[in-house]
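Structural overview for review
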Amino acid sequence: MGSFLSSLLGAGASAAEDSSASSEESRVTSFHSSARWQLHFNSIKETSKLLVIDFSASWCGPCRLIEPAIHAMAAKFTDVDFAKIDVDELSDVSQEFGVQAMPTFVLLKNGKEVDRVVGAKKDELEKKVDKYRSL
C-alpha cells in the first residue's frame, strides 16, 4: 500500500513541478519562472481570450481564503485562462503590472489590461470575469 501511495505521490509531484497547479482538477496555471510566464503571456496576448492573473503570496491570508473560489471560477469559465503568480517568486512580473497589494487580480485581453480587482473580492471578480470574457 505504501509503494502504491508513493507511486501516486511521486507521479503527482513531478507533474506538479513541471506545470504546477494545472492538473485535471485545476484550470489555474501557476508560474514559477519569468521565462515560462513570458512564453505563456506572449502566446495568449495574440488571442482575444480573457486572461486573469492572480497575484498572491504564500504568507497572504486573504489569498489563501479566496483560492478555492478562483479554482471554482476557472472550472466555471472554461473559456477564460487563469494564471497564478507568487509576488515573492516573480517580483519582476509583479512590478511590471504595478501590483502593490495581495491579492490583486489583473484582467487582460489581447495583452492589454482591461480591469483589475484589488483584494479578496470574489463577487466583484466574478462579475468582471463574466463581463469581459464575452467582449
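This report concerns the structure included in the present document. (Residues numbered from 1 in each chain as written. Predicted model: local features only at pLDDT ≥ 70, side-chain atom pairs only at ≥ 80, totals over all residues. Heavy atoms only, no water.)

Check the secondary structure of the protein and you find five helices and five strands. Here the protein holds 135 residues, and 40% of them are scored as buried. Intrachain contacts of the protein at a sequence separation of at least 6 include 67% that bridge at least 24 residues. Summing over all exposed atoms, the protein offers an accessible surface of approximately 7600 Å²; the carbon and sulfur share of this is 55%. (Helix = DSSP H or I, 4+ residues; strand = E, 2+ residues; numbered from the N terminus. Buried < 20%, exposed > 50% of the residue type's maximum accessible area, 1.4 Å probe, protein only. Contact = heavy atoms within 4.5 Å. Areas by Shrake-Rupley, 256 points an atom, 1.4 Å probe, with all protein chains shown as cover.)

On to the packing of helix 3 (residues 61–76) against helix 5 (residues 122–133). The interhelical angle for the contact between helix 3 and helix 5, taken along N-to-C directions, is 20 degrees, at an axis separation of 11 Å. Between helix 3 and helix 5, the angle falls in the class roughly parallel. Relative to helix 5, helix 3 is oriented so that their crossing is right-handed. Every residue of helix 5 that contacts helix 3 at I66, A69, I70, M73 and K76 is listed here: K122, L125 and E126. (Axes fitted to C-alpha atoms, helices over the stretch in contact; angles between N-to-C directions. Parallel < 35°, antiparallel > 145°, perpendicular 65-115°, else oblique. Left-handed = near helix turned anticlockwise from the far one by under 90°.)

Turning next to the pattern of salt bridges. Considering all chains together, one arrives at nine salt bridges under this definition. Between R116 and E113 there is a salt bridge, and its shortest N-O distance comes to 2.8 Å. Across the salt bridge formed by K122 and E126, the nearest N and O atoms sit 3.6 Å from each other. Taken together, the residues K122 and E126, both in helix 5 and four residues apart, mark about one turn of the helix. You can call E126 buried: its relative accessible area is 18%. Put simply, K76, K122, D123 and E126 are held in one network by salt bridges that share partners. (Salt bridge = Lys/Arg side-chain N within 4 Å of Asp/Glu carboxyl O.)

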